[in-house]
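Read off the chains here:
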Amino acid sequence: MRDAPGTMKSRWKAIWLLVLALKAFGLKEGASVPSVGLQCLFLLPSWVMNCSWTARDVDATYVLSYQSLRLHPGVIRRAQGRRGQNWLAVARTQLILGDEYSVWLEADHAAGVEASEKLNFSLEEIVKPPAPELDPVVVSSSGAMVRWNNTYWSEEFTHHSVVCQLRYKAPKDAVWTQLEVDHVTQEGHELEDLEPFTLYEVQARCIPEDGQGFWSEWSSPRTFRAPEAAPFGQVDVWREVHLLENSGPTRHLLWKALDREAARGDILNYTVVFWDRNKTVVGSLVCLCYSVPIPASASYAQVSASNSAGKNQPSALTLEQTDLPGPREVRVLSAQSLVLNVTWMFRRNPGGFQPKQYVVEWREQISWKLQDWICEPVDSRSALLRGGFRPKEPYLVFVYAVYVQGSSSSAPVQAYVQEGAPSAGPRAVRDQSVSSTVSLISWEEIPLANQHGHLTHYTIYLKPSTSGSPKGYGPIGAGERSYKLEALVPGSSYQLWMTGSTSAGEGPPTPVHKFHTPGARWQVYLAALLSVGILLLLAIVVGFLKRAWLLSFFRKVLPLWCWQRVPDPGHSLVAIKMDPQGEALAKDTSHLSTSAKPPEEPEILKITELAPPQTISPSRAAFSGYEKHFLPTPEELQRLTKKGEERLPLL
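Parameters and conventions
Residues numbered from 1 in each chain as written. Predicted model: local features only at pLDDT ≥ 70, side-chain atom pairs only at ≥ 80, totals over all residues. Heavy atoms only, no water. Helix = DSSP H or I, 4+ residues; strand = E, 2+ residues; numbered from the N terminus. Buried < 20%, exposed > 50% of the residue type's maximum accessible area, 1.4 Å probe, protein only. Contact = heavy atoms within 4.5 Å. Areas by Shrake-Rupley, 256 points an atom, 1.4 Å probe, with all protein chains shown as cover. Core = buried A, V, L, I, M, F, W, Y, C linked by side-chain atoms within 4.5 Å. Pairing = 2+ DSSP bridges. Phe/Tyr/Trp six-rings, centres within 6.5 Å; stacked < 30°, edge-to-face > 60°. Lys NZ or Arg CZ within 6 Å of the ring centre and 35° of its normal. Patch = residues over 30% accessible without salt bridge, like charges linked within 9 Å, V, L, I, M, F, W, Y side chains within 5 Å. Salt bridge = Lys/Arg side-chain N within 4 Å of Asp/Glu carboxyl O. Polar contact = N/O pair within 3.5 Å; in protein donor to acceptor, adjacent residues only side chain to side chain. Disulfide = S-S within 2.5 Å.

### Brief notes about the overall build of the chain
Line of reasoning, step 1. Within the chain one finds 10 helices and 42 strands.
Line of reasoning, step 2. Counting every position in the chain, which comprises 651 residues, the buried fraction comes to 34%.
Line of reasoning, step 3. For the chain, long-range pairs separated by at least 24 residues make up 61% of all intrachain contacts whose partners lie at least 6 apart in sequence.
Line of reasoning, step 4. If you sum the accessible surface of the chain, you get close to 40400 Å²; carbon and sulfur atoms cover 56% of it.

The following block contains the structure:
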């Protein structure tokens with residue numbers, strides 16, 4: 001049945017009025033429905049429906065509209081948010097569990113009002129369970145048992161159950177290891193294949209078993225440590241030689257604590273064993289330490305670590321020194337972040353012994369304290385040292401080639417991770433005049449503690465004491481200890497100071513040293529002194545070569561008493577003063593020996609033996625000019641006394 005023409009006309013008029021009304025309210029004719037990413041969740045245990053969207057216009061006002069589709073289909077409720085807000089929450093009192101709802105979003109902004117597409121759902125389909133609670137993890141030798149519960153869900157949704165996922169990781173791991181629902185035992189899951197004695201954290205999340213709804217948030221993490229295992233790998237062993245002043249060198253065996261991954265448990269002790277060259281045990285001990293003295297007769301050592309699960313393979317070290325080739329051409333350069341880069345060369349001996357590994361050792365140069373060491377494989381020719389170095393402090397780096405027979409060291413190399421300018425100048429600056437225009441300046445090296453870097457050169461500054469600006473002499477090599485200043489003015493005074501420099505800059509000057517150049521007469525005096533010395537030297541040489549001729553000549557020219565070796569006691573006043581009778585006797589016998597003639601026939605004399613005269617104690621000798629040169633000895637005086645006694649009876 002067709003409508004009357006008047007009726008059709010009235011209907012088109014009504015439609016036209018509706019379009020005008022829509023235009024009046026600001027809706028665009030023919031505009032497409034925009035997508036704003038609307039999403040709604042029914043959150044437990046708050047029982048709130050939370051709807052969020054992707055905000056397109058921060059200046060727009062959003063209105064959330066929702067309508068019951070089953071119980072109250074004609075009622076549309078709205079919730080308006082603040083300007084720029086991108087979420088709205090609908091309270092539990094405005095919702096009915098078991099009902100279905102249609103939800104859409106209207107945006108009111110300057111361009112007009114736009115409505116999003118509608119979402120139709122029941123509350124059970126958008127439910128988000130609360131996060132589960134994890135029980136303490138139970139660790140055993142087989143693994144780690146993880147259990148959890150979701151008490152609130154079990155009480156409110158007895159007819160629905162949830163299934164859960166697990167994820168775990170170690171702190172060093174960047175990615176979680178996740179176990180899906182199909183691989184998780186929901187009553188409690190045991191984690192296996194864990195790294196021994198490693199700290200882990202584990203979390204769980206759940207979703208309704210029928211798959212409707214959303215995943216819960218991840219639970220709060222539970223932390224646990226995997227069970228122990230026997231230590232893995234070997235202990236890093238080295239030796240140190242201490243040089244003592246009062247005794248000989250002492251040796252110590254050193255080793256490093258195993259890291260967590262290698263220890264795989266709490267290390268309880270270390271076992272150390274020493275052998276001599278005949279493989280006889282000369283010492284052993286068990287301790288929780290990292291250094292022990294080495295017996296004097298020990299040539300080999302080994303160290304092993306133990307925990308509650310077992311012991312690792314022992315590390316062996318030969319304690320002897322060897323003459324086999326060692327590393328050469330060692331160079332040490334500073335790198336970024338206070339790191340030293342060490343390189344070396346090694347020439348293999350074809351057909352000979354080859355090293356097992358290299359050991360790079362570094363010490364504080366001032367205190368000679370060993371800082372650390374690292375081991376490098378035999379094919380390596382470089383190493384990075386990260387030893388907590390301090391800027392401006394000198395270190396010594398050694399590279400050892402470790403053989404089965406022993407170790408061979410390179411020459412030490414001084415190194416700085418960061419250089420600075422010296423904090424002091426050279427010590428003991430002295431001058432020595434070479435001539436009136438030349439002076440030799442000498443000094444001692446800057447103390448090692450004040451160098452703060454590799455010395456590159458020295459600089460001498462010279463200034464006349466009267467006036468003028470200082471003049472610099474240099475650069476002077478860092479290994480030099482003297483420098484000759486030339487073209488100086490004779491008889492002038494000068495002021496001098498020095499500085500030392502490194503690659504970081506020039507250090508402070510030394511205290512001013514004053515000196516004076518000699519005048520021109522000084523050369524004449526020096527020449528005269530040298531001439532006299534040369535003449536004296538020639539005279540001594542000639543006298544030594546012609547000593548026989550000179551002695552003969554002096555005996556002819558000089559008086560007898562000057563060269564006579566033994567003086568004539570008859571001319572000595574000493575004997576006369578000591579024995580007056582002997583003096584008279586000497587005169588009488590002298591007269592008889594010179595004037596009397598021997599008789600033709602000897603007369604017979606009757607000799608009466610007289611009593612021996614009293615021995616007169618010799619008086620203190622009187623000295624004269626003659627005796628100053630030659631004094632008779634006591635033996636000669638006794639002989640003279642005896643001769644006088646023998647001559648007395650002849651009278």
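### A word on the nonpolar core
Line of reasoning, step 1. Core analysis: the largest hydrophobic core is formed by 46 residues, its most contacted members being Phe-42 and Met-49.
Line of reasoning, step 2. Looking at this core, the elements that each hand over two or more residues are β1 (39-43), β2 (48-52), β3 (61-68), β5 (87-90), β6 (100-109), β12 (144-146), β14 (162-169) and β17 (199-208).
Line of reasoning, step 3. Apart from the residues lying within four places of it in its own chain, the contact partners of Phe-42 are Trp-47, Val-48, Met-49, Arg-92, Leu-95, Leu-97, Leu-123, Ile-126, Val-127 and Lys-128.
Line of reasoning, step 4. The next biggest cluster of nonpolar side chains, apart from the first, holds 29 residues, and it includes Trp-255, Cys-287, Ala-305 and Trp-373.

### Describing the sheet that holds β2
Line of reasoning, step 1. A sheet is described by the order of its strands in space; here 4 strands give the open sequence β5-β2-β1-β9, paired in mixed fashion. In this open sheet, the two strands that pair with only one neighbour each are β5 and β9 (127-128).
Line of reasoning, step 2. By the bridge criterion, 5 bridges tie β1 to β2 in an arrangement that is antiparallel. Bridging from a neighbouring strand, Phe-42 pairs with Met-49 of β2.

### Description of the packing of aromatic side chains
Line of reasoning, step 1. Evaluation of the coordinates by the stated rule reveals 17 aromatic pairs.
Line of reasoning, step 2. Ring plane angle 85 degrees and centroid distance 5.0 Å describe the contact between Phe-389 and Tyr-395, whose orientation is recorded as edge-to-face.
Line of reasoning, step 3. Since its relative accessible area comes to 5%, Phe-389 is described here as buried.
Line of reasoning, step 4. Tyr-395 gets classed as buried once you look at its relative accessible area, which sits at 1%.
Line of reasoning, step 5. What links up through ring pairs into an aromatic cluster is the set Trp-238, Trp-368, Phe-398 and Tyr-400.
Line of reasoning, step 6. Sitting over the ring of Trp-215, Arg-205 keeps its end group 4.7 Å from the ring centre.

### Section: a nonpolar patch on the surface
Line of reasoning, step 1. A grouping of Trp-549, Phe-553, Phe-554, Val-557 and Leu-558 is seen on the molecular surface, where their side chains present a nonpolar patch of about 520 Å² in accessible area.
Line of reasoning, step 2. Structurally, the position occupied by Leu-558 is in the loop between α6 (547-557) and α7 (560-563).

### Regarding the side chain of Lys-128
Line of reasoning, step 1. You can see Lys-128 is positioned in strand β9.
Line of reasoning, step 2. A relative accessible area of 15% places Lys-128 in the buried class.
Line of reasoning, step 3. When sequence neighbours within four positions are dropped, the list of residues in contact with Lys-128 reads Leu-41, Phe-42, Leu-43, Leu-44, Phe-214, Trp-215, Ser-216 and Glu-217.

### Points about the pattern of salt bridges
Line of reasoning, step 1. Evaluated as defined, the whole model comprises 15 salt bridges.
Line of reasoning, step 2. Taking the shortest distance from any N to any O, the salt bridge between Lys-172 and Glu-195 comes out at 3.2 Å. Of this pair, Lys-172 sits in the loop between β14 and β15 (177-179) while Glu-195 sits in the loop between β16 (189-191) and β17, and the two are 23 residues apart along the sequence.
Line of reasoning, step 3. When its relative accessible area of 49% is taken as the criterion, Lys-172 is described as partly exposed.
Line of reasoning, step 4. The shortest N-O distance in the salt bridge between Arg-427 and Glu-444 comes to 3.7 Å. Here Arg-427 is found in strand β35 (residues 427-433), whereas its partner Glu-444 is found in strand β36 (residues 439-444), with 17 residues between them in sequence.
Line of reasoning, step 5. A residue is classified by how much of its surface remains accessible, and Glu-444, at 35% relative accessible area, is partly exposed.

### Examining the side chain of Gln-203
Line of reasoning, step 1. Relative to the elements of secondary structure, Gln-203 occurs in strand β17.
Line of reasoning, step 2. Within the structure, the side chain of Gln-203 is placed 2.7 Å from the side chain of Arg-167, a separation counted as a polar contact.
Line of reasoning, step 3. Here the side chain of Gln-203 touches Ser-219 through a polar contact of 3.0 Å, landing on its backbone oxygen.
Line of reasoning, step 4. Non-local contacts of Gln-203, meaning those with residues more than four positions away in its chain, are made with Leu-134, Gln-165, Leu-166, Arg-167, Trp-176, Trp-218, Ser-219, Ser-220 and Pro-221.

### Remarks on the environment of Thr-318
Line of reasoning, step 1. Mapped onto the fold, Thr-318 is located in strand β26 (residues 315-318).
Line of reasoning, step 2. Expressed as a C-alpha distance, the spacing of Thr-318 and Gly-406, which sit 88 residues apart in the sequence, is 5.2 Å.
Line of reasoning, step 3. A distance of 2.9 Å separates the side chain of Thr-318 from the backbone oxygen of Val-404, its partner in a polar contact.

### Quick notes on the state of the cysteines
Line of reasoning, step 1. For the structure shown, the criterion picks out 3 disulfides.
Line of reasoning, step 2. Residue Cys-40 pairs covalently with Cys-51 via a disulfide, S to S 2.1 Å. Residues Cys-40 and Cys-51 are joined by a disulfide whose S-S torsion is about 110 degrees; by sign, that bridge is right-handed. Residue Cys-40 is located in strand β1, and its partner Cys-51 is located in strand β2; the two are separated by 11 residues in the primary sequence. One exposure class covers both Cys-40 and Cys-51, and it is buried.
Line of reasoning, step 3. Taken in sequence order, the bonded cysteines of the chain link in the pattern 1-2, 3-4, 5-6.

### Examining the environment of Lys-392
Line of reasoning, step 1. Inspection of the secondary structure assignment puts Lys-392 in the loop between β31 (382-385) and β32 (395-402).
Line of reasoning, step 2. Residue class for Lys-392 comes out partly exposed when judged on its relative accessible area of 40%.
Line of reasoning, step 3. It is 9.8 Å that separates the C-alpha atoms of Lys-392 and His-454, two residues lying 62 residues apart in sequence.
Line of reasoning, step 4. Excluding its chain neighbours within four sequence positions, the residues that come into contact with Lys-392 are Tyr-416, Gln-418, Glu-419, Gly-420 and His-452.

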